[in-house]
Structures are given as structure tokens and as C-alpha cells.
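Each chain, letter by letter, is given below.
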Amino acid sequence: KTRLQPSLLRMLQMIVAFLGVQSVVLLRLQFASQAAGHRRIAHVLSVVNVRLSGAEFVPDCTVGAGLVMRHPQGSVVRQGAVVGYDWTREADSG
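Everything numeric here is computed off the predicted structure, so don't read it as measured data.

Let us look at the overall build of the chain. Scanning the chain for helices and strands turns up three helices and six strands. By the compact-globule yardstick of 12 Å for 94 residues, the chain fits well, its C-alpha radius of gyration being 13 Å. Out of the 94 residues in the chain, the part that is buried amounts to 29%. Within the chain, counting contacts between residues at least 6 apart in sequence, those at least 24 apart form 27% of the total. Split by element, the accessible area of the chain, about 6,400 Å² in all, is 60% carbon and sulfur.

Printed below as a string of C-alpha cells:
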């Protein structure tokens with residue numbers, strides 16, 4: 001099977017239009033900053049994510065690939081928490 005890759009324009013449209021996508025992009029940037037040893041930048045990205053999307057991913061949490069945030073507001077993943085692969089956050093799920 002060949003998996004179609006979205007165009008750059010389509011990806012940018014999704015980031016701008018969908019709060020859940022914004023939240024996941026900020027989270028992945030936070031993780032990349034943390035992995036590179038930039039803890040202050042990771043913390044700032046965490047705060048920006050809370051302010052923009054209402055989702056809080058505290059530095060030092062672990063979130064697997066495939067995260068989908070359809071309703072990021074009020075989502076909190078605390079320090080040391082581990083969220084598995086392909087987790088989907090719906091409006092009424094935990």
C-alpha cells in the first residue's frame with residue numbers, strides 16, 4: 001500500500017484551522033526542544049500550548065506517535081505520565 005502524503009500547503013492549512021493539530025505540533029516541538037537539551041524552550045512551548053489550545057503537556061511526560069487531539073481544551077498530561085501510541089482525545093474521553 002502506498003500512503004499518500006499531504007501537501008505542505010494542506011498541512012499548513014490544518015495547523016492554522018484546527019486547534020487539536022496546533023496542540024500536537026506544539027507538543028512535538030516541545031519534545032524536540034527537550035531532547036536537544038533546551039529545557040527552558042520546552043517549558044515556554046508548554047505554556048504557549050496551554051494558552052493557545054488549553055492542553056497542558058508538562059515537560060518530562062511521554063506521548064507516543066499517532067496522537068490525535070480533537071478536543072484539546074482541558075487535557076492535562078503530567079510529569080512522568082506515559083500516553084501510549086495512537087491515543088485519540090475526544091471531547092468526553094480521559
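So much for the structure itself; the text now carries on.
Confidence along the chain averages 85 in pLDDT terms, with 91% of residues attaining 70 or more. Per-element confidence in the chain is highest for helix α3 (residues 39-53), whose mean pLDDT is 94, and lowest for strand β6 (residues 88-89), whose mean pLDDT is 77.

The next subject is the environment of Val44. Structurally, Val44 can be placed in helix α3. For the pair Val44 and Gln30, spaced 14 residues apart in sequence, the C-alpha separation works out to 8.3 Å.

This brings us to the side chain of Asn49. Mapping Asn49 onto the fold places it in helix α3. We classify Asn49 as buried; its relative accessible area is 0%. Among the polar contacts made by the side chain of Asn49, one reaches the side chain of Ser53 at a distance of 2.7 Å. In contact with Asn49, other than residues within four places in its own chain, are Ser23, Leu26, Leu27, Gly54, Ala55 and Phe57.

Definitions and limits used
Residues numbered from 1 in each chain as written. Predicted model: local features only at pLDDT ≥ 70, side-chain atom pairs only at ≥ 80, totals over all residues. Heavy atoms only, no water. Helix = DSSP H or I, 4+ residues; strand = E, 2+ residues; numbered from the N terminus. Rg over C-alpha atoms; globule rule 2.2 N^0.38 Å. Buried < 20%, exposed > 50% of the residue type's maximum accessible area, 1.4 Å probe, protein only. Contact = heavy atoms within 4.5 Å. Areas by Shrake-Rupley, 256 points an atom, 1.4 Å probe, with all protein chains shown as cover. pLDDT = per-residue confidence, 0-100. Polar contact = N/O pair within 3.5 Å; in protein donor to acceptor, adjacent residues only side chain to side chain.

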